[in-house]
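Now for the letters of each chain:
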Amino acid sequence: MASQKTYSRSSQIGEEGQRLVALVVTRLGHIWHDRRVDHGVDGAIELVDPVARSVSNVHVMVQSKSTEGRFPGETVDSFHYLLDTADVAYWRGGSNPVIVVCSRPSTGEVWWAPVDRAEPPAPGRKAWRLDFDKRSDRLDENSVGRLLAWATEATPGGVISGRRCRTETLQTNLLRIKEMPPEIFFGPTWKPSARELGPALRSLGYFRSDWIVRGGVVHSFSQPERGGLGDFLDGVYETIHTVEWAESKDIDTLSMFADLLRQALLDQEHKSLRFHAKKRLLVFRGPRDDRDAMRVKVKPGKPGRTVFQRYFKDAEGTEPKDCRHYAAAIRFVQTDEGWVAEINPTYHFTFDGHRDLPWGEDRVKGMKKIEKNPAVRGLVQFWAEYLARPPELGDRYRPLWFGNLITMDVDIGIDDKDWQTTAGSSRCVVSDAGQQELWS
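The model shown is predicted, which means the values in this text are computed figures rather than measured ones.

Undergrad: Would you mind going over the environment of Glu 74 with me for this structure?
TA: Looking at the element boundaries, Glu 74 is found in the loop between strand S3 (55–66) and strand S4 (78–83). Distance from Glu 74 to Lys 134, taken between C-alpha atoms, is 9.3 Å for residues 60 residues apart in sequence. Among residues more than four places away in sequence, those in contact with Glu 74 are Phe 79, Arg 104 and Lys 134. Here Phe 71 takes part through its backbone nitrogen, which lies 2.8 Å from a polar atom of the side chain of Glu 74. In terms of polar contacts, Glu 74 uses its side chain to reach the side chain of Lys 134, at 2.9 Å.

Undergrad: Please explain the nonpolar core as it appears in this structure.
TA: Buried together is how nonpolar side chains tend to be arranged in soluble globular proteins. Phe 284, Phe 332, Trp 339, Phe 382, Trp 383 and Phe 402 are the most contacted members of the largest nonpolar core, which has 50 residues in total. A per-element tally of this core places helix H6 (residues 251–268) first, with nine residues. Here Phe 382 is in contact with Phe 284, Val 296, Val 298, Arg 305, Val 307 and Tyr 326, once residues within four sequence places are set aside. Membership of the second largest hydrophobic core comes to 21 residues, among which are Trp 32, Val 58, Leu 147 and Leu 148.

Undergrad: How should I be thinking about the pairing of strand S18 (residues 338–350) in this particular structure?
TA: Residues in a regular strand project their side chains so that they alternate between the two faces of the sheet. Most of S18 sits inside the fold, with 11 of its 13 residues counted as buried. Where strand S17 (residues 320–335) and S18 come together, 13 bridges link them in antiparallel fashion. In the sheet register, Ala 329 faces S18, and the bridge partner there is Asn 344. Linking S17 back to S18 in an antiparallel pair, the connection comprises two residues.

Undergrad: Help me out: how do you make sense of the packing of aromatic side chains in this one?
TA: Pairs of aromatic rings are described using the distance from one ring centre to the other and the angle between the two planes. Taken as a whole and judged by the stated rule, the model has 19 aromatic pairs. A ring pair is formed by Phe 284 and Tyr 386, whose centres lie 5.2 Å apart and whose planes are at 70 degrees; its orientation type is edge-to-face. With a gap of 102 residues between them, Phe 284 in strand S14 (residues 281–284) and Tyr 386 in helix H8 (residues 373–387) connect regions that are remote in the sequence. The residues Phe 284 and Tyr 386 share a single accessibility class, namely buried. A connected cluster of aromatic rings, assembled from ring pairs, spans Phe 284, Tyr 326, Tyr 347, Phe 382, Trp 383 and Tyr 386. Taking NZ or CZ as reference, Arg 389 lies 4.1 Å from the ring centre of Tyr 386, over its face.

Undergrad: So what exactly am I meant to see when it comes to the environment of Leu 175 here?
TA: Inspection of the secondary structure assignment puts Leu 175 in strand S8 (residues 164–179). Owing to a relative accessible area of 0%, Leu 175 belongs among the buried residues under this scheme. Once the C-alpha coordinates of Leu 175 and Phe 402 are considered, the two residues, 227 residues apart in sequence, prove to be 6.9 Å apart. When near neighbours in sequence (up to four residues on either side) are disregarded, Leu 175 contacts Trp 339, Val 340, Ala 341, Ile 343, Ala 384, Leu 387, Phe 402, Gly 403, Asn 404 and Leu 405.

Undergrad: Any chance you could explain the sheet that holds strand S9 (residues 183–188) here in plain terms?
TA: Picture the strands of a sheet paired through backbone hydrogen bonds; they go either parallel or antiparallel. As summarised here, the arrangement of the four strands in space is S10-S11-S9-S12, forming an open sheet in which the pairing is antiparallel. With one partner strand each, in any of the chains shown, strand S10 (211–214) and strand S12 (238–241) form the two edges of the open sheet. Between one strand axis and the next, the sheet turns through 25 degrees on average, direction left out of account. Sheet topology note: the S9/strand S11 (residues 217–220) ladder contains four bridges and is antiparallel.

Procedures and definitions
Residues numbered from 1 in each chain as written. Predicted model: local features only at pLDDT ≥ 70, side-chain atom pairs only at ≥ 80, totals over all residues. Heavy atoms only, no water. Helix = DSSP H or I, 4+ residues; strand = E, 2+ residues; numbered from the N terminus. Contact = heavy atoms within 4.5 Å. Polar contact = N/O pair within 3.5 Å; in protein donor to acceptor, adjacent residues only side chain to side chain. Core = buried A, V, L, I, M, F, W, Y, C linked by side-chain atoms within 4.5 Å. Buried < 20%, exposed > 50% of the residue type's maximum accessible area, 1.4 Å probe, protein only. Pairing = 2+ DSSP bridges. Phe/Tyr/Trp six-rings, centres within 6.5 Å; stacked < 30°, edge-to-face > 60°. Lys NZ or Arg CZ within 6 Å of the ring centre and 35° of its normal. Axes fitted to C-alpha atoms, helices over the stretch in contact; angles between N-to-C directions.

This is the structure:
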């Protein structure tokens, strides 16, 4: 009896896997291309912009692996797949990014991972190992944005994220000013510049900064006789309504008003914050005692955040290294919502809580590299809540009272996970309800 051609069960599973991948890719709105000749690549995904529906001409090569049982090392959360060294060399040697897609046709489950994430063989072994997270690496609408971001990262003008047509509320870094003094006091001074007037005030024991001098005229939200300004006026002072400056159409007037708002903020927060003139930053002061950390509360009943942290070279804490301070660049701008404070949080480093650390900028850059969107958003929220803290957590007299951060609704949304790297991330420590610390 003549032998017959057979169609093995493993071949069927492989075919089912490829068809399942093609179906999932098509349902996600992208184009699947079969490869007629298979040399380690079963097909290609041509990416499509989810909103404009434009074809990108960006292709991701796909190697399909399927099973009807369990993958190597499979648990509830993960599994891995072993790859031949020759295959890895072939995939990495091409110009297109390559992913390995593992599927279980019997259950309809599909996962993906970039080949670049594979780990080289351990000593004495030949196969590369590619690990899969069964939750985050599932190929579905929740991960396709991450696939697009990864595949087009180095492609100028390509699709850059998994944006979708969905309503999303964005939180800005613009903090509303809900109340400011109703009047501005002004008068001519015989100390016609800040460099002259500032030292003269301090020589008389007046340490205030809520004023500006322009063209030989001093302006302030408070009456000049309070705090010594009146001693340096050349005659009487006058008043104008604050709204005249706040709603002016003159650029120079608006610039002066922004400067006056900044000086008022510096003065009302001088007990906790100092102004770093060179960096143009508001910096939390270090403690006056030898404490290694200092926390600030912004809401009653909540622990607050560590705004000052002292680091040491040794585990016993006997050899000081440097100190980290919360800091922010804050400037005032006019918007359709009125005047707001634009908050750009950062950090500042010192030797001992006072003297600048010469290589502090390198420390700041190190922290910025490991920060993700939740950490930055948390810092903006903290500064907003600090400036708008209730009276019981700060001085009751404040020229400026702040409201909430401005939000806006948009019709196109992006999943934050789409911006996270798929090939691994920097190590960081998360503490203080979202604070991220640089590994020391």
